[in-house]
Amino acid sequence: MCNANLLMAGSLAASTAGALTSTFGAYGQSKAQKASLEYQASVDRNNAQLMEWEAQDAIARGENAWQKHRLDSAALKGTQRAVMSSRGIDLGEGTPARILTDTDFLSALDGAAIRRNAGREAWTARARGAQYTSDADAAQYGADNTHPALAATGTLLNGVSTVASQWYQFKAIS
């Protein structure tokens, strides 16, 4: 009977140690998960900011390209006018007038494409930024709803239940 009591007491001690170890493990794991989610939320917020800067850069580059295109188009039209005038061609009617009108039209068409492409690039960056913001909110929600003490308490209660069951078995034998 004495050996059975010692065996049961050893089992009880091992269960108690296991419950405490599991409790500390659950606390540490939950705390690490919370920290990981907070870090991910921070990274996602930083990425969202980078995407906004990328969008602003796309708009600025598009504006610069549009301004350069306008200057280049004006220079082309000036060259066309100078060449035709130097040859004594009347610019106000017929083919020369159509050439100059076509130059204006194509220049406007190209300028609109430059701005449209910049807008699309900015939209894409902002859409990616919105996804990062959404991911950051989800990670932060997860972090805010991760409670290490609660996880440890649940594990401790489960362990206490196991130890109590063994304790009652031990008492029944003794």
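Residues numbered from 1 in each chain as written. Predicted model: local features only at pLDDT ≥ 70, side-chain atom pairs only at ≥ 80, totals over all residues. Heavy atoms only, no water.

Things to note about the overall build of the protein
Then step 1. For the protein, the count of helices and strands is 3 helices and 0 strands.
Then step 2. Listing every helix and strand of the protein by position from the N terminus yields α-α-α.
Then step 3. Here the C-alpha radius of gyration of the protein, 37 Å, is well above what a compact globule of 174 residues would show, namely 16 Å.
Then step 4. Taken over the C-alpha atoms alone, the protein extends approximately 125 × 20 × 20 Å along its principal axes.
Then step 5. The long-range fraction of contacts in the protein, counting pairs at least 24 apart against all pairs at least 6 apart in sequence, stands at 86%.
Then step 6. Accessible surface, the protein: about 11500 Å² in total, of which carbon and sulfur atoms supply 60%. (Helix = DSSP H or I, 4+ residues; strand = E, 2+ residues; numbered from the N terminus. Rg over C-alpha atoms; globule rule 2.2 N^0.38 Å. Contact = heavy atoms within 4.5 Å. Areas by Shrake-Rupley, 256 points an atom, 1.4 Å probe, with all protein chains shown as cover.)

Considering the side chain of serine 30
Then step 1. Among the structural elements, serine 30 can be located in helix H1 (residues 2–86).
Then step 2. Once residues within four sequence positions are removed from consideration, serine 30 is found in contact with Thr146, His147, Pro148 and Ala151.

Looking at the pattern of salt bridges
Then step 1. Taken as a whole, this structure holds 7 salt bridges when the rule is applied.
Then step 2. Between arginine 61 and aspartate 57 there is a salt bridge, and its shortest N-O distance comes to 2.7 Å. In this pair, arginine 61 and aspartate 57 both sit in helix H1, 4 residues apart, roughly one turn of the helix.
Then step 3. We classify aspartate 57 as partly exposed; its relative accessible area is 39%.
Then step 4. Among the ionic pairs, arginine 115 bridges to glutamate 63, the shortest N-O distance being 3.2 Å. Of this pair, arginine 115 sits in helix H2 (residues 94–144) while glutamate 63 is found in helix H1, placing the two residues 52 residues apart along the sequence.
Then step 5. A single network of salt bridges, built from pairs that share partners, joins Asp57, Arg61 and Glu121. (Salt bridge = Lys/Arg side-chain N within 4 Å of Asp/Glu carboxyl O. Buried < 20%, exposed > 50% of the residue type's maximum accessible area, 1.4 Å probe, protein only.)

What about a nonpolar patch on the surface?
Then step 1. Residues Leu20, Phe24, Leu156 and Val160 make up a contiguous nonpolar surface patch of about 380 Å² in total accessible area.
Then step 2. As for its position among the elements, phenylalanine 24 is in helix H1. (Patch = residues over 30% accessible without salt bridge, like charges linked within 9 Å, V, L, I, M, F, W, Y side chains within 5 Å.)

Quick notes on the confidence of the model for the protein
Regions with low pLDDT should not have their predicted coordinates read in detail.
Then step 1. Of the residues in the protein, 93% have a pLDDT of 70 or more, and the chain-wide mean is 89.
Then step 2. The weakest mean pLDDT in the protein belongs to helix H3 (residues 148–173) at 75; the strongest belongs to H2 at 96. (pLDDT = per-residue confidence, 0-100.)

Observations regarding the environment of threonine 124
Then step 1. Mapped onto the secondary structure, threonine 124 falls in helix H2.
Then step 2. Taking C-alpha positions, threonine 124 is 33 Å from leucine 76, a pair spaced 48 residues apart along the chain.

Quick word on the environment of alanine 143
Then step 1. Locating alanine 143 in the fold gives a position in helix H2.
Then step 2. Note on alanine 143: relative accessible area 0%, which makes it buried.
Then step 3. Distance in space between the C-alpha atoms of alanine 143 and lysine 31 is 9.4 Å, their sequence separation being 112 residues.
Then step 4. Those residues in contact with alanine 143 that sit more than four places away from it in its chain are Lys34, Leu37 and Glu38.

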